[in-house]
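One-letter residues, chain by chain:
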Amino acid sequence: MPSLKNIAADPPPEQPARRIFDTGFLFLALSALLAGVLVVVLKGWDRAAEIALSELWFMTVLAPKIAAGMFIAATLPLLLPRDKVAIWIGRESGLRGLLLAAFAGAAIPGGPAMTFPLAASFGLVGADVGAIMTFVSSWALLSLNRTLIWEFSFLPVDLVWWRILLCLPVPILVGMAARAVFGRSSE
């Protein structure tokens, strides 16, 4: 457990300020507006209002999960020792770092509201781009939570095992490719 002295001595690096209304936001806002207009034209105002209320409820349910994920993303860099993270899943961690990131990605039980802020936090505390991409890819392809609860419940067992077997090397390959593309030792 890091002491307060260590936290104060090694703050996370400053992140550049992000614009709230960037290109991604504008694209999503225009897409939503176009979809809303199409619903009104094709299905009427009543259906549009029903959808809007349903989505407002969904946002209300999702907001605490996003807030928790953002809290983790903000506090994790203060809690994890940068030098240890760099050793385990940093640039020079090699295959061991990618395997650890793949295991962590498969084991994490949360959804995207937890996984993406956690991945961003790992980057702030010393993980390299290969480990981060391995973590996210492993979560997307090998999630134990989804596999145990959903896949084994609804799909034939042999199909699930074949899917796992075929997907198993993919996160590691993604991490290796990311390290090759972005450079292992680039700053």
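For the structure, check the block above.
One numbering rule holds for all chains: residues counted from 1, following each sequence as written. At least 70 in pLDDT is required for a residue's local features to be given in this predicted model, at least 80 for side-chain atom pairs to be given and counted, and no such filter applies to totals for whole chains, interfaces and linings, which use all residues. Only hydrogens and water are set aside when side-chain values are computed; all heavy atoms of the structure are taken into account.

Q: Outline the overall build of the chain, listing residues and values.
A: Scanning the chain from N- to C-terminus turns up 10 helices and 0 strands. Reading the secondary structure of the chain in the N-to-C direction produces α-α-α-α-α-α-α-α-α-α. Under the scheme applied here, a residue whose accessible area is under 20% of the maximum for its type counts as buried, over 50% as exposed, and between as partly exposed, the area being computed with a 1.4 Å probe on protein chains only. Taken over 187 residues, the chain has a buried fraction of 25%. The contact rule is simple, with two residues in contact once any of their heavy atoms fall within 4.5 Å. Sequence separation of 24 or more characterises 76% of the internal contacts of the chain that already satisfy a separation of 6 or more. The numbering of helices and of strands both runs from the N terminus, where a helix is a DSSP run of H or I of at least 4 residues and a strand a run of E of at least 2.

Q: Please set out helix α10 (residues 170-182) residue by residue, giving values where relevant.
A: Since the α-helix turns once every 3.6 residues, residues separated by three or four places project in the same direction. Taking 1.5 Å as the rise per residue, α10 with 13 residues should run 18 Å; its terminal C-alpha atoms sit 18 Å apart, in good agreement. Taken residue by residue, α10 has Pro 171, Ile 172, Gly 175, Ala 178 and Arg 179 as its buried positions. Projection of α10 onto a plane perpendicular to its axis shows the buried side chains occupying an angular sector of 125°, all on one side. Opposite its buried face, α10 presents the exposed residues Leu 173, Ala 180 and Val 181, each directed more than 90 degrees away. As for α10, its buried residues are in contact with α5 (94-107), α7 (129-142) and α9 (157-167). For a helix, the expected span equals 1.5 Å multiplied by the residue count minus one. This arc corresponds to the set of directions leading from the helix axis out to the C-beta atoms.

Q: Run through the packing of helix α2 (residues 23-43) against helix α3 (residues 45-79), naming residues and quoting values.
A: Interaxial angle, 0 to 180 degrees, is taken between N-to-C directions of lines fitted to C-alpha atoms, where a helix line uses only the stretch in contact. Contact geometry for α2 and α3: axes closest at 7 Å, N-to-C directions at 140°. Taken together, the axes of α2 and α3 lie oblique to each other. Between α2, through Val 39, Val 40 and Lys 43, and α3, the contact on the second element is made entirely by Trp 45, Arg 47, Ala 48 and Ile 51. The nonpolar class holds Ala, Val, Leu, Ile, Met, Phe, Trp, Tyr, Cys and Pro. Asp, Glu, Lys and Arg form the charged class, and all remaining residues, Gly among them, are polar. When the residues that make up the contact of α2 with α3 are grouped by side-chain class, the tally is 5 nonpolar, no polar and 2 charged. An angle counts as roughly parallel when it lies under 35 degrees, as roughly antiparallel when it exceeds 145, as roughly perpendicular when it falls between 65 and 115, and as oblique in every other case.

Q: A description of a nonpolar patch on the surface should follow, citing residues and the corresponding values.
A: On the surface, Leu 30, Leu 33, Leu 34, Val 37, Leu 38, Val 41 and Leu 42 cluster together into a nonpolar patch covering about 750 Å² of accessible area. On the accessibility criterion, Val 37 (45% relative accessible area) is partly exposed. Patch membership requires over 30% relative accessible area and the absence of a salt bridge. Like charges are linked within 9 Å, and nonpolar side chains (Val, Leu, Ile, Met, Phe, Trp, Tyr) within 5 Å. Values of accessible area rely on a 1.4 Å probe in the Shrake-Rupley scheme; residue burial ignores everything except the protein chains shown. One speaks of a salt bridge when a side-chain nitrogen belonging to Lys or Arg is within 4 Å of a carboxyl oxygen belonging to Asp or Glu.

Any link to function would need more than the numbers given here.
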